[in-house]
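Examining the three-dimensional arrangement
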Amino acid sequence: MSDVEQPLVETFHEFYAEMNGHDYLAVISDSKESYKKWSSLAQLSCPISDLKEISIVEMPLSHVDATVQSIQLSKTKSTRTLPVSNGGLCFLKSVEEALLDSLEIISVDQCDDTKLEIMSEDEIQQIESHFYRGGKIEWINFWLADQQKCGVIIKRDAYKQASTILNTVIHLSKCIESVNIYHHPGSGGSTVARQILWSQRTKVRCAVVKRSKEVTTVCEHAVKLREHDENDTKNCLPVLLLLEDQNADYVDELGQHLRNVIAIKKIVPSVLCFILLVCNRSNDPERMCRALPSRTVTVTHKLSDREKPLFSKKVEQLKLQFKAEFILTFVLMSKEFQPSYIKDFVNNILDNIDHSSLITRLIRIVALLNCYVEDSYISVSHCEATLGVAVHVDTTRDHAFVDHLNDAARLLFIHLKESLTQISTIRIIHPKVAKEILTQLSATLRQSEIAMNLIKDPVLINHRFDRDEFLKFIKALFIRRNKKSRGDPKGTTFSPLIEHVSTEDGVQKAVDLLEAAYMALGKDAHVAQQLARLLYTNCRFEEALKWAEEAKSLLPHEIHILDTLGQVYKRWFYYLYDNLVDKEPSPERDVEIISTALKGISAFRASEKAPTKETLSFNHSYYGEIDIGCRLLNFLSKVDVFSSRTGKSELMKYLLTDYIPAEVKTPWQTFHWQLKGLQKSLNHAFEYISEDLSYFQTNLSEEDEEHDARDLEQVHKPREWLTRKSAVYAGFFCNIPDESDEAAESSSTDMAGPAEKLSSFERQMRAYKLGGGNVITIFSLLHDKKRERAGKKLETIINMYSENLTWNELDQKELTNFMFCQIALNCVLPGSSKLLSLQKLQELSKRFNTKGKNMSSPSALFLLSLLFWPETSNESSSADAQILLEAINVLQRLYVKKKQHMRKSRILTHFFLAKARGLNKIVHKSAIEKHIKGTLNERNLKWLGGEVWKNKEVVQLLKRVEGWTENGKLFVKGGGRGDKIRVVPLHSASLPNGNENVTFYLGFTFDGVVALDIQVAE
């Protein structure tokens, strides 16, 4: 024992004896080893059980200092405190907190430095009334309530529900968890979220993520907050992060970044590190809750039976303290925002108002913005400018502005400080009140006129102070659409204001408004685009074309703008076609229709080829080209020269060869070359879309969704759309009749006819018609709930390729599709007599090239990765292993190139490696999804969170592959000596850092092979 330890033991003996026990003693040691050695000696005078009761082990003296200071009466601390995993507290210095500027950190001693003794009663009442009048709750509100200096803040049912979910997830073995709160605007959802942070701040580390901060910065700061002054960074307290009104892409990206950091730091995946509390406004919170009920609570304007008496009682208490106008929003809340109550309330305030005054004009403008643009406001500086108030920059500025307001404005406006800039702003006390104000005031001045007054007011539009934010609200007023994906009850084709004006005042008024907005916003290309959309929707095609061309001149390389030009011609063509008087058009009379269609196709192709620095989720113009092309084929088939009994073969001959019927030779002389290239261009468009959908999941970014002009099916069900359109397209080039599903099931095997009599083109078109034309339509058959029906279609396609056929006669595309049909058939009807063996498919696939100018398509390379992946690590020949290695390397290179032009798109895993042998080693994702229960969002969460890999059926089905990590990359053994294949972690959350032997499930994607559920080998 050292000289230092001996005196400490002796001192303890003396104290223990002198004080007759341990009631007033505490033993603190920041080293577990030192304490172990010391306690073995201290037992001479104190029983080990008593010693444990008074000992605090592994707590640094800095934590002891912070803990002791937190219970002292002094309020002159220059630092704040955070909870620590050892049960104590640690200091957070101001300079340290300033470095984490993307987070608003809530400390254990939040607001404790408030000098309550010098706060007047008026100041406290002002803080309290600001909240009950509609202002956002501040931490000082909670603190004053805890100090019993103001009334208790009601905890709504959602608080208890969210707290229960939070307590549940804290005990789950996952590194990141999330809890969602969806709330009606102005219903107190933000208050519930902050109440949760306030109550949890002593148990976990809490912070609010500030708006407009980069995901990478937030991730870095959240990790630093978690690890701050902790001894063991692998076992810290979790961090509770509040994200308010952030879109799903942002939340998902933050979660993924945090998972990556957890993996790099080699933290055990079962240790909870971060909880994301996602609080979003929604006009339909109940529907959003149904998507993920186990992790979501709702806050609505409707009060429960438990809440009603609490609110009624609170209103009576507040009325004793404040005048009614100081608690308006809370009174409305207690009435559940009943429309009749709001109507009477607003009517009483606006009674006898001067409709010609500048202040009433300001009320109209603010109400218009607040009604249609979420979270909008107007700066006090803008208000002063439009009212002509002289500006004096001093502490009384806000009071000077208020003095210029009439009684109605004082009651309806609430003053706020913008969180990031601290700019003084105003808005209406509640969105529902804003809507009612607009309804009542528009009786004397239409909403279209209010909006026109706003955008034609040079003082408001050109006011320099906070101008960018103000113009952003104006642009949203005219462009931002309602979307169900954002929680709106229904989607809108245009902004809600434009739809309202179109309905109430006519389309021309809406056009006038957009034209004025276009000029007010400095000739904004996106407003010109909306004008074109509004005009072509209302069949005003010449004007629509003018505005689409105007938008193109401003942003000549933006794909969405170019796509709109194609949409104008598409709708124009549809209109001309649908309004044909003669149901059997003649070549001479209908040149205009063909010309319009071909102009549309040309516009879409220009969009497809446009050079752009912007990255997009997908190029949507191929969809428009296919829409026009298929309908144009339908139109051509009805032209009298092609509408006879033999007309279809005549049309095919015209489109596919040099043949030109005499009847169309002269009238269509400028179109022949384009029409004869139609089949090939449509085929190219189908292939492009199929390839995109093969690589990536189809989630749209919010920005892309805002400007997307496609049909709903193309946006939300692109694979189903592609399958349907493929059949329509092929129907013009083959003679398979359209049949019902039942008929198709019973007679599909007869549809192919004698295979040896079919040309390659006829085979391909018939395959297209049945769903075998490209990778995506083939894979779509695997999602058919009637597996027998899908199997019959696949057998019919395969039956076209008789044994007499020489495989070398097939081009690579046809061979690729045939082999994918074989794999798909094995998934739905594994006992089919039409199946070839794995070895035969491997032999056929050796025609594919992995090098040089004639390198095969990504689909063919993907096929090689499926067929040549070994069932055991020792079974591949060196030649087969080389084919696999080259195919995967090329796939990975092609993916990197492809991803450069895509925005945050997630790779799509099509197949997984199973324990079975032969073709049965290839398992489609649909076979796994059938074992996963719950709503779509719940199933997605199980994939993202890794719960899928704990499912018993999935564990029994799939094979775990052995590999190793090396310098942050994952590899498996290749076939040859020293060969290794790189495997990309699909979610790198479980990828250990350093050299570790690991096991994982293997997925097959167009990025090569990916690893899922990576575990360090025992």
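Because the structure is predicted, anything quoted here is derived from the model rather than measured. (Residues numbered from 1 in each chain as written. Predicted model: local features only at pLDDT ≥ 70, side-chain atom pairs only at ≥ 80, totals over all residues. Heavy atoms only, no water.)

Describing the overall build of the chain
Under the convention used in this document: Going along the chain from the N terminus, every DSSP run of H or I of four or more residues is numbered as a helix, and every run of E of two or more is numbered as a strand. Any two residues whose heavy atoms approach within 4.5 Å are treated as being in contact. In short, Shrake-Rupley with a 1.4 Å probe defines the accessible areas, and a residue's cover is counted only from the protein chains shown.
Within the chain one finds 48 helices and 20 strands. Taking all contacts inside the chain whose residues are at least 6 apart in sequence as the whole, residues at least 24 apart take part in 72%. With an accessible surface of roughly 46600 Å², the chain has 51% of that area assigned to carbon and sulfur atoms.

Some remarks on the packing of helix 15 (residues 339-350) against helix 20 (residues 431-441)
For clarity, the cut-off: The convention used is that axes are lines fitted to C-alpha atoms, helices contributing only their stretch in contact, and that angles between N-to-C directions extend from 0 to 180 degrees. Here roughly perpendicular refers to angles of 65 to 115 degrees, roughly parallel to angles under 35, roughly antiparallel to angles over 145, and oblique to all remaining angles. Should the near helix be turned anticlockwise from the far one by less than a right angle, the crossing is termed left-handed; should it be turned clockwise, right-handed. The residue classification treats Ala, Val, Leu, Ile, Met, Phe, Trp, Tyr, Cys and Pro as nonpolar and Asp, Glu, Lys and Arg as charged. All others, Gly included, are polar.
Contact geometry for helix 15 and helix 20: axes closest at 10 Å, N-to-C directions at 60 degrees. Regarding the angle of helix 15 to helix 20, the classification is oblique. For the element pair helix 15 and helix 20, the recorded crossing hand is right-handed. Residues Ile342, Lys343, Phe345, Val346, Asn347 and Leu350 of helix 15 form the contact with helix 20, whose own contacting residues are Lys432, Val433, Glu436, Ile437, Gln440 and Leu441. Taken together, the residues that form the contact of helix 15 with helix 20 break down as seven nonpolar, two polar and three charged.

Notes on helix 10 (residues 215-227)
Let me state the cut-off plainly: For a helix, the expected span equals 1.5 Å multiplied by the number of residues minus one. Note on exposure labels: buried denotes an accessible area under 20% of the residue type's maximum, exposed denotes more than 50%, and partly exposed covers the range between, all computed with a 1.4 Å probe on protein chains only.
When the terminal C-alpha atoms of helix 10 are compared, their 18 Å separation across 13 residues agrees well with the 18 Å that a helix rising 1.5 Å per residue should span. Along helix 10, the positions that sit buried rather than exposed are Val215, Val218, Cys219, His221, Ala222, Val223, Leu225, Arg226 and Glu227. Next to the buried residues of helix 10 lie strand 3 (79-83), strand 5 (103-106), strand 7 (205-209), strand 8 (239-244), helix 11 (248-264) and strand 9 (274-281). Asp229 occupies a position one or two residues after helix 10 and carries a positive phi of about 55 degrees.

Focus: the sheet that holds strand 13 (residues 424-428)
Whether parallel or antiparallel, the strands of a sheet pair through hydrogen bonds between backbone atoms. Let me state the cut-off plainly: Here, any two strands with at least 2 DSSP bridges between them count as paired.
Strand order in the open sheet formed by three strands is 11-13-12, and the pairing between neighbours is antiparallel. Since the sheet does not close on itself, it has two edges, and those belong to strand 11 (378-379) and strand 12 (413-417), each with one partner. Two elements, strand 11 and strand 13, share two bridges in a ladder whose sense is antiparallel. Of the residues in strand 13, the one forming a bridge with Ser379 is Thr425.

Concerning a nonpolar patch on the surface
Stated precisely, the cut-off is as follows: Candidates for patches are residues over 30% relative accessible area with no salt bridge; among them, like charges are joined within 9 Å and nonpolar side chains (Val, Leu, Ile, Met, Phe, Trp, Tyr) within 5 Å. Salt bridges are defined by distance alone: a side-chain nitrogen of Lys or Arg within 4 Å of a carboxyl oxygen of Asp or Glu.
Judged by side-chain polarity, Ile28, Ile56 and Leu61 come together as a nonpolar surface patch covering roughly 260 Å² of accessible area. On the secondary structure map, Leu61 appears in helix 4 (residues 61-70). Here Leu61 falls in the exposed class, since its relative accessible area comes to 61%.

Describing the nonpolar core
The test is simple: Joining through side-chain atoms within 4.5 Å is the link that ties buried Ala, Val, Leu, Ile, Met, Phe, Trp, Tyr and Cys residues into a set, and such a set is a nonpolar core.
Core analysis: the largest hydrophobic core is formed by 184 residues, its most contacted members being Ile437, Ile455, Phe478, Leu632, Trp668 and Leu675. Sequence-distant contacts of Ile437, defined by excluding residues within four places in its chain, comprise Val346, Leu350, Ile363, Ala367, Leu412 and Ile428. Counting 68 residues, the second largest nonpolar core, distinct from the first, contains Ile778, Phe820, Tyr895 and Leu913.

Looking at the environment of Ala409
As for its position among the elements, Ala409 is in helix 19 (residues 407-412). Overall, the relative accessible area of 0% leaves Ala409 in the buried class. Between the alpha carbons of Ala409 and Thr360 there is a distance of 7.8 Å; along the sequence they are 49 residues apart. Beyond its immediate chain neighbours, meaning those up to four positions away, Ala409 contacts Ile359 and Ile363.

Comments concerning the packing of aromatic side chains
Going by this rule: Pairs were defined over the aromatic rings of Phe, Tyr and Trp, the Trp ring being its six-membered one, requiring ring centres within 6.5 Å. Orientation was assigned from the angle between planes: stacked under 30 degrees, edge-to-face over 60, tilted for the rest. Only lysine NZ and arginine CZ atoms are considered, and such an atom sits over a ring when it is within 6 Å of the ring centre and within 35 degrees of the ring normal.
Tallying each qualifying case throughout the model produces 40 aromatic pairs. Aromatic side chains Phe862 and Phe1006 sit 4.6 Å apart centroid to centroid with 25 degrees between the ring planes, which places their arrangement in the stacked category. Highlighted residues: Phe862 in helix 44 (residues 858-868) and Phe1006 in the loop between strand 19 (997-1005) and strand 20 (1008-1016), separated in sequence by 144 residues. Look at Phe862 and you get buried, because its relative accessible area is 0%. Residue Phe1006 is classed as buried on the basis of its relative accessible area, which comes to 0%. Taken together, the aromatic side chains of Tyr695, Phe696, Phe779, Phe820, Phe862, Tyr895, Phe911 and Phe1006 make up a single cluster linked through ring pairs. Over the ring of Tyr659 we find Lys653, and its NZ or CZ is 4.4 Å from the ring centre. Its end group placed over the ring of Phe971, Lys980 keeps NZ or CZ at 4.4 Å from the ring centre.

Examining the pairing of strand 8
Formally: Assignment of crossover handedness uses the view with strands pointing away from the viewer, where a clockwise path from the first strand over the helix to the second indicates a right-handed crossover.
For strand 8, the buried fraction is high: six of the six residues fall into the buried class. Bridge count between strand 7 and strand 8: four bridges; the pairing is parallel. Opposite Val208, over in strand 8, you have Leu242 as the bridge partner. The β-α-β motif built from strand 7, the intervening helix 10 and the parallel element strand 8 has right-handed crossover chirality.

Quick look at the confidence of the model for the chain
Here is the rule: A residue's pLDDT is the predictor's confidence in that residue, given on a scale from 0 to 100.
This prediction gives the chain a mean pLDDT of 86; 88% of its residues lie at or above 70. Ignoring residues within four places in sequence, the model shows residues 739-747, a span with pLDDT below 50, making eight contacts including any to other chains. pLDDT under 50 marks residues 749-755. Its contacts with residues more than four places away, or in other chains, come to 17 contacts.

A word on the sheet that holds strand 10 (residues 296-299)
Taken in spatial order, the six strands of this open sheet run 5-7-8-9-6-10, and their pairing is mixed. A strand with exactly one partner marks an edge of an open sheet, and here the two such strands are strand 5 and strand 10. Direction aside, neighbouring strands of the sheet carry axes that sit 20 degrees apart on average. Here strand 6 (residues 176-183) pairs with strand 9 via eight bridges, running parallel. Looking at strand 9, one finds that His183 is bridged to Arg281. Set on the sheet, helix 9 (residues 189-200) makes contact with strand 5, strand 6, strand 7, strand 8, strand 9 and strand 10; between it and strand 8 the angle comes to about 165 degrees.

Brief notes about the environment of Cys175
Within the secondary structure layout, Cys175 lies in the loop between helix 8 (157-170) and strand 6. Cys175 gets classed as buried once you look at its relative accessible area, which sits at 11%. On a C-alpha basis, the gap between Cys175 and Val271 in space is 5.2 Å, while along the polypeptide they are 96 residues apart.

Notes on helix 15
Applicable threshold: Of all possible arcs, the one meant is that of the directions from the helix axis to the C-beta atoms.
When the terminal C-alpha atoms of helix 15 are compared, their 16 Å separation across 12 residues agrees well with the 16 Å that a helix rising 1.5 Å per residue should span. Residues of helix 15 that are buried include every one of Ile342, Phe345, Val346, Ile349 and Leu350, and no others. Projected onto a plane normal to the axis of helix 15, the buried residues spread over an arc of 120 degrees and lie on a single side. Of the surrounding elements, those touching the buried residues of helix 15 are helix 14 (328-334), helix 19 and helix 20. Following helix 15 by one or two positions, Asn352 has its phi on the positive side, about 65 degrees.

Examining the pattern of salt bridges
Applying the stated criterion to the full structure yields 33 salt bridges. Notably, a salt bridge pairs Arg194 with Glu244, separated by 2.8 Å at the nearest N-O pair. Note that Arg194 is positioned in helix 9 and Glu244 in strand 8, a separation of 50 residues in sequence. A single burial state applies to Arg194 and to Glu244, both of which are buried. Here Glu449 ties to Lys509 by a salt bridge, and the two come within 2.7 Å at their closest N and O atoms. On the criterion of sequence distance, the pair formed by Glu449 in helix 21 (residues 447-455) and Lys509 in helix 25 (residues 507-520) is long-range, its members being 60 residues apart. Each of Lys136, Arg194 and Glu244 takes part in a single network of salt bridges with overlapping partners.

Looking at the side chain of Thr296
Here Thr296 shows up in strand 10. Setting aside residues no more than four positions away along its own chain, Thr296 makes contact with Ile165, Asn180, Tyr182 and Cys289.

Some points on unusual backbone geometry
The phi dihedral of Asp245 is positive, around 55 degrees, even though this residue is not glycine. Looking at the secondary structure, you find Asp245 in the loop between strand 8 and helix 11.

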